[in-house]
Amino acid sequence: MSYVSCALRAAAPRCLPAPWRSPRPFSSATGPTTKKSVPYQKTLKEEGSGTGEPSRPLPPSAEVVVVGGGSLGCQTTYHLAKQGVTSVVLLERDRLTSGTTWHTAGLLWQLRPSDVEVELLAHTRDVVSRELPAETGLHTGWVENGGLFIASNKQRLDEYKRLMSLGKAYGVESYVLTPSQTKDLYPLMNIDDLYGTLYVPKDGTMDPAGTCSTLARAATARGATIIENCPVTGIQVRADNFGVKRVYAVETAHGTIQTPCVVNCAGVWARALGRLAGVHVPLVGMHHAYVVTERIEGIQNMPNVRDHDASVYLRLQGDALSVGGYESNPIFWEEVSEKFAFGLFDLDWDVFMQHIEGAINRVPVLEKTGIKSTVCGPESFTADHKPLMGEAPEVRGFFLGCGFNSAGMMLGGGCGRELAHWIIHGRPEKDMYGYDIRQVASVSLPSRRFHHSLTDNNRWIRERSHESYAKNYSVVFPHDEPLAGRNVRKDPLHEELLRQGCVFQERHGWERPGWFSPRGAAPVLDYDYYGAYGQERHRDYTYNRLLGDEYTFDFPPHHDIIKNECLTCRNALALFDMSYFGKFYLVGPEATKAANWLFTADVSKAPGSTVYTCMLNKRGGVESDLTVSRISPGDPASPLAPAFEGDGYYLAIGGAVAQHNWSHITAVLQDMKLQCKLLDCSEELGMMSIQGPLSRVVLQEVLDTDLSNEAFPFSTHKLTTAAGCTVRAMRLSFVGEMGWELHVPKADCVKVYQAVMQAGARHGITNAGYRAIDSLSIEKGYRHWHADLRPDDTPLEAGLAFTCKLKSSIPFLGREAVEAQKAKGIFRRLVCFTTEEKVPMFGLEAVWRDGKVVGHIRRADFGFAIDKTIAYGYIRDPTGGPVSLDFVKSGSYELERMGVTYPARAHTKSPFDPDNKRVKGFY
């Protein structure tokens, strides 16, 4: 029998290395180990699995073919059948669960720092604890023993208090406990180093075999076909008459199934399956391990434990514990074997020992407890620690449901339902943008998550996936940035701004300005793996130190620096480098027909006009907000003015959502078979925004055109020259001030930038970054897509009805849904709140109205001009009635931050410049 303490001594006769400093090579080292066995009474492994004939004959065709019989494959198949798709086939190369699902720990924690994930987890819990037993009469193996999050410092407990406040908006019962209360709940726990804990009584665990076999039974009863021992060998893809690649059939070792839709739920093997269809799937395989102890007296009925600061979890296993965690030096599975089924690796104690130390510290009885077995199996991880879901941009009809970063069991129910809805209706019900594979761009397209130059870059994927794994249990701070995979995409002003102290943020590969440090340059260095794998850790790393200074839920140390950027913009002028914006052209004979259908506002105006508009989905949800400018063809053609026949529109879109917009527009154009093109000039053009009361004075010295209100009114644009270079100037603002955007060919960006800064020097111009934009824009009441504006929000709910051409007879995508909602009433409304007390808020705070929780905050920041905290959140009437403006005005509000409520005032108009005078030049 092995003992936990013996394992610790054998693995580390020396002192344990500090976190992030355990050197070891990438490849696995094998050696003696305890018995390898999962701790479940039942698995679906059988003698001779993976050989012989498929479990049933293949049908000649199917509406949907799901590949992979793990958690996501079974959940997706079940939800497809439940939503009415009877001709759905699940193909599993071996037996259900045989890949990565069979050995999973099966933990389900209801609270995460994401409102969407809280909703997804709630559905999984409902499926395994209620739906499946009711449908089948079978027990899924769900055990509701509760969950306990451990905090060893104030920052960690603050994070838990944020989760508790969010949970109140969703009815998730949770309590912050003192160390002594924690000891009463869990007598075997060491509380000497505890700051506090978060207890969620209705968390629990799932049994992988019980859950998946019950899902299969329920799906089959609804008409689905599940075929085991049937490996997929090919995906047939054909181009339609417009050159669009679409799924045609699935080839297996036992026959071919014709289908228009394939769902890749192949886990670690998803990358190989994607290659069969020509689809990039950016994930990596890693070893993930836990050990199972012998019996522990007094452990029965204890909650599962997550000690994030020790990076360890303790799962109740009857009268024993499973102990696992996330280390800084995980082992990569270099060569993923297609024959691997119900397999486990030998446990590498040199890697695992850091979890042993953390577990013994938390539950000291483990030091004298035997180890019954070890479980070390493969799991798939992604570069941003988010799953990959949705329809691939390369091939229509090829969907992904993979890359779940060890969370496939607990997210499986919610994600399976959303994926099924996505397949049937073309989009999910919830806001799944953060998981959407369409943000993983193909060649020449920008993306939010991974640019095409990254998806085939093994070094980049490895670096980012490593950091995501290593930081899996780190506190999620509002302003954290990755250190891995940086400096991949730089705009033309990068070096210029770096010298001036720019502290960069990373968005989909781009380095964009965050804020400007007066202490000088803070370059991002090559990734050092936090000192793991024998890498030498960076010393005196300025950028990392500045990030570390902001690891707080209070106002950050750089609060006053960002304040200066904001107030300089309000009182003089500031220059914002926004070059990472998406810049598309919609051109061709039917471009106006496409624009009328795509955009909620009437954009078919004369060349020189610019219109702020939304794009919607069929349900009326906002897929984007953007500016659309009518243009004339270039002669000769240039990045500022392409040549085209017919009509042309220039689309400027927030860089973080550019690929989402591209995919949405492209899908509409393909489905409607319109004769027009979408051109991408994002990499060819830079973009500077000069904003503030003195912007006209300064730019009049630089631009060769009249900038008066009469000659250059708000929401117009024109080609002009700046410092001898042709630019497109647009009079727009995203911060609520008079100002202009300059769209500049990349070769001319530095020259134009220097000319503006030189002209502005005597007027007090400053550089400003996106942290200032966030503050200034929320102060003015401008929306941020995917923060206070998402695909499950409508323009009416978000206060953007003015963008909809409802007074015209022009049809547009989503119009019927918007008109129906207008007639029925608005039952959810976005509201602006301010608090007199100056407290930092970041989103997820609960909104109380007259003593009842009516919603939560989506986005919050500090407004320096009004000197108040500003927060936006959607509220509902708890009685189920419509949310009118009178309802908003009549309530008494409080915002709950980390368990403490603060009186708040609700606003029906922006608290800053509600009459929009400043953007029009009236000061």
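Quick caveat, the model's predicted, so the values are computed rather than measured.

J.: Describe the sheet that holds strand S26 (residues 610–616), naming the residues involved and giving the relevant values.
T.: If you walk across this open sheet you meet the five strands as S26-S27-S28-S25-S29, and the pairing is antiparallel. Edge positions in the open sheet fall to S26 and strand S29 (677–680), since each of these has one partner strand only. Taking the axes of each pair of neighbouring strands and ignoring which way they run, one obtains an average angle of 30° across the sheet. The sheet contact formed by strand S27 (residues 622–631) and strand S28 (residues 647–653) spans five bridges and is antiparallel. Across the sheet, residue Thr627 finds its bridge partner in S28, namely Ala652.

J.: Before we move on, can you summarise the packing of helix H17 (residues 695–702) against helix H18 (residues 749–760) with the specific residues and values?
T.: Two elements in contact, H17 and H18, have axes separated by 9 Å at closest approach and are oriented at 125°. Taken as axis vectors, H17 and H18 run oblique relative to one another. Between H17 and H18 lies a crossing whose hand is right-handed. Only Ala755, Val756, Ala759 and Gly760 of H18 make contact with H17, whose side of the interface consists of Val698, Leu699, Glu701 and Val702.

J.: Which residues make up the pattern of salt bridges, and what values go with them?
T.: Close approach of charged atoms allows side chains with opposite charge to pair. Inspection of every chain in the model, using the stated rule, returns 52 salt bridges. In this structure, Lys82 and Glu135 form a salt bridge, with 3.6 Å as the shortest nitrogen-oxygen distance. Here Lys82 is found in helix H2 (residues 71–82), whereas its partner Glu135 is found in helix H3 (residues 115–136), with 53 residues between them in sequence. With relative accessibility at 33%, the residue Glu135 sits in the partly exposed group. Between Arg897 and Asp554 there is a salt bridge; the shortest N-O distance is 3.7 Å. With Arg897 in strand S39 (residues 893–897) and Asp554 in the loop between helix H13 (542–549) and helix H14 (559–571), the pair connects residues that are 343 residues apart, well separated along the chain. When salt bridges that share partners are traced, they join Asp115, Asp431, Arg790, Asp792, Asp793, Glu797, Arg828 and Arg858 into one network.

J.: Residue-level account of the packing of H14 against helix H19 (residues 770–780), with values.
T.: Look at H14 against H19: their axes get within 9 Å of each other, and the N-to-C directions meet at 55°. Considered as vectors, H14 and H19 are oriented oblique to each other. For H14 against H19, the interelement crossing comes out right-handed. Between H14 and H19, the contacting residues are Ile562, Glu565, Cys566, Cys569 and Arg570 on the first element and Arg771, Ala772, Ser775, Leu776, Glu779 and Lys780 on the second.

J.: Which residues make up the environment of Ile561, and what are the values?
T.: Residue placement: Ile561 occurs in helix H14. The contacts of Ile561, once residues within four sequence positions are left out, are Trp515, Phe516 and Pro518.

J.: Account for the state of the cysteines, with residues named and values stated.
T.: All chains considered together, the criterion is met by zero disulfides. The structure places no disulfide on Cys74, whose sulfur is separated from the nearest cysteine sulfur, that of Cys212, by 4.2 Å. Cys569 takes part in no disulfide bond, and the closest cysteine sulfur, belonging to Cys566, lies 7.6 Å away. Judged by its relative accessible area of 0%, Cys569 falls in the buried class.

J.: Tell me about the pairing of strand S16 (residues 312–317), and please be specific about residues and values.
T.: Most of S16 sits inside the fold, with six of its six residues counted as buried. Burial along S16 is two-sided: Val312, Leu314 and Leu316 and Tyr313, Arg315 and Gln317, pointing in opposite directions, are all buried. Here strand S15 (residues 304–307) pairs with S16 via three bridges, running antiparallel. Within S16, the residue paired with Val305 across the bridge is Leu314. Taking the residues that link successive antiparallel strands as the turn, the S15-S16 hairpin has four residues, and the phi of Ser311 there is positive, at about 55°. Relative to strand S17 (residues 320–325), S16 runs antiparallel, the two being bridged by six bridges. Along S17, the bridge assignment pairs Arg315 with Ser322. As consecutive antiparallel partners, S16 and S17 are separated by two residues, and within that stretch Gly318 has a phi angle of approximately 70°, a positive value.

J.: Hey, could you go over the sheet that holds strand S30 (residues 685–691) for me, with residue numbers and the actual values?
T.: Ordered by their spatial adjacency, six strands build an open sheet running S31-S32-S33-S30-S24-S34, and the pairing between neighbours is mixed. Strand pairing shows two members of the sheet lacking a second neighbour, strand S31 (717–722) and strand S34 (766–768), which therefore form its edges. When the angles between neighbouring strand axes are averaged without regard to direction, this sheet yields 30°. With three bridges joining them, strand S32 (residues 725–730) and strand S33 (residues 739–745) adopt antiparallel strand pairing. Bridge pairing links Arg728 to His743 in S33.

J.: Which residues make up the nonpolar core, and what are the values?
T.: In terms of nonpolar packing, the biggest core is built from 115 residues, with Val64, Val263, Cys415 and Phe576 touching the most fellow members. The greatest single-element share of this core, amounting to eight residues, is contributed by helix H9 (residues 408–425). Excluding residues that lie within four positions of it along the chain, Phe576 makes contacts with Cys569, Met687, Met688, Ser689, Gln691, Val735, Ala768, Gly769, Ala772, Ile773 and Leu776. Of all hydrophobic cores here, the second largest spans 61 residues; its members include Val89, Val250, Val262 and Ala266.

Reading the values: the criteria
- Residues numbered from 1 in each chain as written.
- Predicted model: local features only at pLDDT ≥ 70, side-chain atom pairs only at ≥ 80, totals over all residues.
- Heavy atoms only, no water.
- Pairing = 2+ DSSP bridges.
- Helix = DSSP H or I, 4+ residues; strand = E, 2+ residues; numbered from the N terminus.
- Axes fitted to C-alpha atoms, helices over the stretch in contact; angles between N-to-C directions.
- Parallel < 35°, antiparallel > 145°, perpendicular 65-115°, else oblique.
- Left-handed = near helix turned anticlockwise from the far one by under 90°.
- Contact = heavy atoms within 4.5 Å.
- Salt bridge = Lys/Arg side-chain N within 4 Å of Asp/Glu carboxyl O.
- Buried < 20%, exposed > 50% of the residue type's maximum accessible area, 1.4 Å probe, protein only.
- Disulfide = S-S within 2.5 Å.
- Core = buried A, V, L, I, M, F, W, Y, C linked by side-chain atoms within 4.5 Å.

None of the figures reported here should be taken as evidence of function without further support.
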